[in-house]
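# Report on the structure
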Amino acid sequence: MSLRDRLDALHPEMTAWRRDFHAHPELGFEEHRTSAKVAELLESWGIEVHRGLGGTGVVGVIRGRKAATGGNRAIGLRADMDALPMTEATGLPHASQTANRMHACGHDGHTAMLLGAAKVLAETRDFAGTVNLIFQPAEEGLAGAKAMMDDGLFEKFPCDAIYGIHNEPHLELGKAWVHDGTALAAIDYFSVVIRGKSSHGAQPHRGIDTVAASAAVVAALNALPSRRIDALESAIVSIGQIHGGTSDIVIPETVELRGSVRTLKTSVRDQVEPLFREAATNAAQAYGATAEIEYRRAYPPTINTPEETERAHQGAAAVLGEAGVVRNPPPILAGEDFAFMLEKVPGAYILFGTKEEGRPVISVHNPLYDFNDKLLPIGASYLASMVERELG
Ligand SMILES: [Zn+2]
Ligand SMILES: [Zn+2]
């Protein structure tokens, strides 16, 4: 039986795992039930299991039965397990059973696909070398990948290459996006507290107007990408929150702005932070106010390495056919903590489409989102085939 046939046969089982995870979503670093189930399944297939890496992370190790020629290579396959703090509105039978917890990014599907690949690989072990199955916690903003690395992931389980995947609701089922170089953006977060002097609304001259200053700061920050950064580069400053004031007739002492900065290159990322500080400080100062800036570097850009990208392309083409691979589409300005792993180990992160006729296109992070189970055998076949490709 071919890999794909085996994984097609596993489709009902993968679907059951996926829907079970979906009904029981857990937030980053709280994936206790999910990681326990992952570990139990891996163990039931005779796979060596290591629990508790980076909190709730799990690593399964499968050693091939073929003799290695030219050194014992190892590769890593990674899935994320965490859900989001949102309330599901799908009304599906397998919908989340917990309010304010939802698998709205398809990490339930990613986990089920890596489990499917693991089961087939453990049965055949038809390769030379080692496969490290990396089930990571907390991809959504909490850098679970980095937590596993800080816990010695690549020292304990060295990898010569690493592969990760994500579902993409806006791309057709049967297609994959394979980026050369940068696939996803760097994301940094900020808070700017504009501090002035509170006053009566009738006497703004006796205070320092933080609301007017914050409007100037917003304008200065929005102008930063287009006026201070080369127009051929990508940078976005998005303000998602403004908080200030409690009364119609009082000018508040402080106003806080919060948001995110996205860039595609480390050089541009490094350029933005000092410009951001300068723009916010000076715009506030024009009103006599000060700006207290917290600028937190979160995720680096996700950058695929050339050789592994080529192999990922071949792996995807083996499952989808050459026509299914969309090579080097524009990068996506979302972020991924798989980026940390790619800073350490060569590899590739590719996206698989789930869009179908008759199925509404719903983005990830939407309360109506549900992972398309038809991707399960496709993604699992890709992951398993990368082992044959790398360690065959
Ligand atoms: Zn997400
Ligand atoms: Zn995601």
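Just above, that's the structure.
In this report, the structure presented in the accompanying data block is examined. Values in this document were obtained by computation on a predicted structure and should not be read as measured data.

## Thoughts on helix α4 (residues 107-124)
With 18 residues, α4 should reach 26 Å at 1.5 Å per residue; the first-to-last C-alpha distance of 26 Å fits that figure. Of all 18 residues in α4, 16 are buried; the element is thus mostly enclosed. At the C-terminal side of α4, Arg125 shows a positive phi close to 45 degrees.

## Digging into the packing of helix α2 (residues 11-23) against α4
The contact between α2 and α4 brings their axes to 9 Å, and the two run at 145 degrees. The two elements α2 and α4 meet at a crossing, and its hand is right-handed. Here Glu13, Met14, Trp17, Arg18, Phe21 and His22 of α2 come into contact with α4, specifically with Asp108, Gly109, Thr111, Ala112, Met113, Leu115, Gly116 and Lys119. In terms of residue class, the contact of α2 with α4 is built from 6 nonpolar, 4 polar and 4 charged.

## A word on the coordination of the zinc ion (ligand 2)
For a metal with four tetrahedral donors the ideal donor-metal-donor angle is 109.5 degrees, whereas six octahedral donors ideally subtend 90 or 180 degrees. For the zinc ion (ligand 2), the full set of protein donor atoms is Cys105 (SG), His107 (NE2) and His166 (NE2), at a range of 2.1 to 2.3 Å. Of note, the zinc ion (ligand 2) draws all its donor residues from one chain, in the sequence arrangement C-x1-H-x58-H. The distance between the zinc ion (ligand 2) and the zinc ion (ligand 1) comes to 3.2 Å, with Cys105 serving as a donor to both metals. Of the two residues, Cys105 sits in the loop between β3 (74-80) and α4 while His166 sits in strand β5 (residues 161-172), which places them 61 residues apart along the sequence. As far as burial versus exposure is concerned, Cys105 and His166 are alike and both buried.

## Observations regarding unusual backbone geometry
The backbone of Ala138 shows a phi angle near 55 degrees, a positive value even though the residue is not glycine. Position of Ala138 relative to the elements: it lies in the loop between β4 (130-136) and α5 (144-150). For Ala138, a relative accessible area of 0% puts it in the buried group. One non-glycine residue, Asn328, lies in positive phi territory at about 55 degrees. Relative to the helices and strands, Asn328 is located in the loop between β15 (325-327) and α10 (338-344). Of the residues examined, Asn328 reaches a relative accessible area of 41% and is grouped as partly exposed.

## Observations concerning the environment of Ala380
Mapped onto the secondary structure, Ala380 falls in helix α11 (residues 375-391). Here the alpha-carbon distance between Ala380 and Ala118, two residues 262 residues apart in the chain, equals 8.6 Å. With sequence-adjacent residues up to four places away left out, Ala380 is seen in contact with Leu7, Met14, Met113 and Ala117.

Scoring rules and cut-offs
- Residue numbers here run from 1 along each chain, matching the order of that chain's written sequence.
- Labels are handed out in written order, letters beginning with A for the chains and numbers beginning with 1 for the ligands.
- The model is predicted, so local features are restricted to residues of pLDDT at least 70 and side-chain atom pairs to those at 80 or more, both for listing and for counting; the totals for chains, interfaces and linings are taken over all residues.
- For the side-chain quantities, the full set of heavy atoms in the structure was used; hydrogens and water were omitted.
- Runs of E in the DSSP output that reach at least two residues are strands. Runs of H or I that reach at least four are helices, and both are numbered from the N terminus.
- To estimate how far a helix should reach, multiply one less than its number of residues by 1.5 Å.
- Partly exposed describes any residue whose relative accessible area lies between the buried limit of under 20% and the exposed limit of over 50%, with all areas from a 1.4 Å probe on protein chains only and scaled to the type maximum.
- In this analysis an axis means a line fitted to C-alpha atoms, helices contributing only their contacting stretch, and an angle means the value between N-to-C directions, from 0 to 180 degrees.
- Put simply, a crossing is left-handed when the front helix is turned counterclockwise from the back one by less than a right angle, and right-handed when it is turned clockwise.
- Two residues qualify as a contact provided that any one of their heavy atoms is within 4.5 Å of a heavy atom in the partner residue.
- Residues are sorted three ways: Asp, Glu, Lys and Arg are charged, Ala, Val, Leu, Ile, Met, Phe, Trp, Tyr, Cys and Pro are nonpolar, and all the rest, Gly among them, are polar.
- Coordinating donors are taken to be N, O and S atoms lying within 2.8 Å of the metal, or within 3.2 Å when the metal is Na, K or Ca; because water is excluded from the atom set, some sites may appear incomplete.

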